[in-house]
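Structural characterization, general
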Amino acid sequence: MILEMLAQFAPVILIVVFLLGMVIGLPITWALGITTVVTVAIDPGITFAVVGQKLFSSADNFAMLAVPGFFLAGDIMTAGGLSKKLVEFADSLVGWVTGGISLVAIVSCAFFAAISGSSAATTAAIGGIMYPEMVKRGYPSDYSTAVQAVGGTLGIIIPPSIVFVIYGNITGTSISQLLMAGVVPGVLCAAALCVLAYIIARRRSYEVDQMFSWRGLGQSFLRSVFALLMPLIILGGIYAGICTPTESSAIACLYGAIVCFVAYHDLTFKSFCKVLESTAVSVSTLMLLVVTAQVVGFLFTYYSIPTTVANFFLEHVASKTGFILITIAIMVLCGMFLDTSANNLILGPIFSPIAAMYGMDPVHFGLIFVFLLALGQATPPFGTCLFVSCTLNNDTFSDVVRESFPFMITELACIILFAFVPGLSTWLPGMMQG
């Protein structure tokens, strides 16, 4: 009798248990798992056998093989010392500009994003090099930290992007087109962040301690050319239709291993084994979260929660413009408190069909959605990139947030621009279809 009464409120209990798990600080995977167990236990209409089937079907997906592939490729290139070579090239490219070293940090993050596919990895790899260098050249510690945090957010925008792969898988959007959609907006956002860094440097009178040199640029380019070729190989194969994102991730792993073992000699068999171990831990943690979230997503669909949310939007939000602005506001708020993976896995399947109802191109909306996830990694109080960058120094968290605020506003302005100028994100994928 009690179970029958509780079953009537299963959708509410589903949401309440999940939110409660997050509030008390449970890891997101545990919060999702407990939510699933409690909901299935009180609803006689669902069995745990169904949950097992959903877990298996979520993991049994060829497209998801791109996730461990891109993870491993990024870890190989990181262990192989590619980050240092990319920083050297970026330094010779823009280091002579006012505020050059801060521009170097942002450009280096953009370059490394095209290898790693992860914002946290980008912040850690580039920040570990650029933060001490910026401080050594007289830049304030809190400002130097903020630059690493915001630059790191580009890690999931500029392809290859693990988040794009997961979003495409759970929403049914073309992963190849999503990856191509991130190229132009990612580069434009990096340019906008560089402009802001230049303006700040001019206002604060940060000095330049080097001159531009064609010779230095050429030498650094030759040292980093194999690293710079990696994203071209990955995207070129996808763009030309030669390989799928999953196949391109395998090519990236092979290319990265050859480059780091043979060309640069910075990777040994022992360090390669450690890379494999590290990647296995990261991928297993992420995949456990993915399959658990997909089961919760199934429960959301079973109880028609996405339909309810969609009907609410359609009844109360008359225009596509209104929907975009509300989505931005919700995602910024959720990005402040929820993990990127949780937001992607839970909110993606809810918002994607609603966007389609308003006539938005699925690739265009996917780009906006993932860009908002990226912004969430730099917003307090729980921004992943903020936490990673703050491990580099002893500054007060609030000081770093204050310095990163102008960069966050700039990134948000870019998102709004991309939201209302769809061609910036759909042009390159459209060329693929053409």
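In this text the structure is predicted, and so the values were computed from the model without any measurement. (Residues numbered from 1 in each chain as written. Predicted model: local features only at pLDDT ≥ 70, side-chain atom pairs only at ≥ 80, totals over all residues. Heavy atoms only, no water.)

1. Structural notes on the confidence of the model for the chain
Across the chain, pLDDT averages 84, with 96% of residues at or above 70. Of all secondary-structure elements in the chain, the lowest mean pLDDT belongs to helix α1 (residues 2-8), at 63, while helix α19 (residues 362-376) reaches the highest, 94. (pLDDT = per-residue confidence, 0-100. Helix = DSSP H or I, 4+ residues; strand = E, 2+ residues; numbered from the N terminus.)

2. Things to note about the nonpolar core
Val67, Tyr143, Ile166, Phe323 and Phe407 are the most contacted members of the largest nonpolar core, which has 135 residues in total. In this structure, Ala146, Ala149, Cys385 and Val401 belong to the second largest nonpolar core, which totals seven residues. (Core = buried A, V, L, I, M, F, W, Y, C linked by side-chain atoms within 4.5 Å. Buried < 20%, exposed > 50% of the residue type's maximum accessible area, 1.4 Å probe, protein only.)

3. A look at helix α10 (residues 162-171)
The element α10 is largely enclosed, with a buried count of nine among its 10 residues. Inspection of α10 places Ile162, Val163, Phe164, Val165, Ile166, Tyr167, Gly168, Asn169 and Ile170 among the buried residues, and these make up the whole buried set. Looking at the buried residues of α10, the elements they touch are α5 (66-79), α7 (100-116), α11 (175-181), α15 (269-302), α18 (340-357) and α19. Just beyond α10, the residue with positive phi is Gly172, at close to 80 degrees. (Contact = heavy atoms within 4.5 Å.)

4. Observations regarding the side chain of Ser248
With respect to the helices and strands, the residue Ser248 is situated in helix α14 (residues 245-263). For Ser248, a relative accessible area of 1% gives the class buried. The contacts of Ser248, once residues within four sequence positions are left out, are Phe70, Ile234, Ile238 and Cys243.

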